[in-house]
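# Close look at the chain arrangement
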Amino acid sequence: MGLMRAVFDMAFRPGVQRMKAQGPGWPVRLFHVDTGGCNGCGMELQALAGAPYDMQGAGFGFTDSPRNADMLVVTGPLTRAMAPVVQAAWDAMPAPRGLVCVGACAIDGGLFGENYAVMGGLERRVAVDLAIPGCPPAPTDVLDGLSALFRAAPAGPASGVGAGGADDAAGPQGA
């Protein structure tokens, strides 16, 4: 129902702005790994494929294989069970590659503290190319963050977006 309302609003209501982000202009393939948590961030990522956001038009798309991916998108806190999966996905990706953390849980663990099953967020373990905060972040925030990676960046990082250099040999686990 929400998708139908968004299409109707964009097509027939005057003054409604389209939410198209300006991306890199070429297809950047994203491989998503949900490492645990509530799946709120994963649902927001799936919403990007809807009409009001036009992820494909901005130059981004999801792929089913890390071998075809340019960027690894992680949602949820890093659990001990999923750490080898994230590492395997990272190792399978061709260079150059990037790491994107979506949501508070992926960045710093969010409301999930470190314990016997949860290792926390990725921010303290590896260099992250893009950190998109929120619980969960809106699809527009995710698309704006991804697009910001490919725009000429000013001297300081953009508000709410952390940048680093994740294409190191150690990978996302930092092992």
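So, a few notes on the structure that sits alongside this text. Keep in mind the model is a prediction, meaning the values are calculated, not measured.

### Comments concerning the pairing of strand 5 (residues 98-102)
Among the five residues in strand 5, five count as buried, and that is most of the element. Side chains Gly98, Val100 and Val102 project from strand 5 onto one buried face, and the interleaved Leu99 and Cys101 project onto a second face that is buried too. As paired elements, strand 3 (residues 71-75) and strand 5 share five bridges and run parallel to each other. Bridge assignment links Val74 to a residue of strand 5, and that residue is Cys101. Here strand 5 runs beside strand 7 (residues 130-132); their pairing, made up of three bridges, is parallel. Bridged to Val102 within strand 7 is Ile132.

### Some details on the pattern of salt bridges
Taken as a whole and assessed by the stated rule, the structure comprises two salt bridges. Salt-bridge contacts for Arg124 lead to Glu114; the nearest nitrogen and oxygen are separated by 2.0 Å. Of this pair, Arg124 sits in the loop between strand 6 (118-120) and strand 7 while Glu114 is found in the loop between helix 5 (104-108) and strand 6, placing the two residues 10 residues apart along the sequence. We classify Arg124 as exposed; its relative accessible area is 63%. A relative accessible area of 47% places Glu114 in the partly exposed class. A salt bridge links Arg125 to Glu114, with the nearest nitrogen and oxygen atoms 3.9 Å apart. Here the residue Arg125 occupies a position in the loop between strand 6 and strand 7, and Glu114 occupies one in the loop between helix 5 and strand 6, the gap between them amounting to 11 residues. Residue classification places Arg125 among the partly exposed positions, given a relative accessible area of 30%. One salt-bridge network, in which partners are shared between bridges, spans Glu114, Arg124 and Arg125.

### What to know about the environment of Gly37
By the element assignment, Gly37 lies in the loop between strand 1 (28-34) and helix 2 (40-47). Of the residues examined, Gly37 reaches a relative accessible area of 46% and is grouped as partly exposed. Here the alpha-carbon distance between Gly37 and Phe112, two residues 75 residues apart in the chain, equals 8.1 Å. Not counting the four nearest positions on each side in its chain, Gly37 is found in contact with Pro77 and Phe112.

### Section: the side chain of Thr63
Relative to the helices and strands, Thr63 is located in the loop between strand 2 (60-62) and strand 3. With residues near it in sequence (within four places) discarded, Thr63 still touches Arg29, Leu30, Phe31, Asn68 and Ala69.

### What about helix 6 (residues 139-148)?
Among the residues of helix 6, Pro139, Val142, Leu143, Gly145, Leu146 and Ser147 are the ones counted as buried. Where the residues of helix 6 are buried, they touch strand 1, helix 2, helix 3 (55-58), strand 2, strand 5 and strand 7.

### What to know about the pairing of strand 3
Of all five residues that make up strand 3, five are buried, and the element is covered over most of its length. Side chains of strand 3 alternate between two faces, with Met71, Val73 and Thr75 and Leu72 and Val74 buried alike. Examined bridge by bridge, strand 1 and strand 3 share five bridges and lie parallel to one another. Considered in strand 3, the bridge of Leu30 is made with Met71.

What counts, and at which threshold
- Residues numbered from 1 in each chain as written.
- Predicted model: local features only at pLDDT ≥ 70, side-chain atom pairs only at ≥ 80, totals over all residues.
- Heavy atoms only, no water.
- Buried < 20%, exposed > 50% of the residue type's maximum accessible area, 1.4 Å probe, protein only.
- Helix = DSSP H or I, 4+ residues; strand = E, 2+ residues; numbered from the N terminus.
- Pairing = 2+ DSSP bridges.
- Salt bridge = Lys/Arg side-chain N within 4 Å of Asp/Glu carboxyl O.
- Contact = heavy atoms within 4.5 Å.

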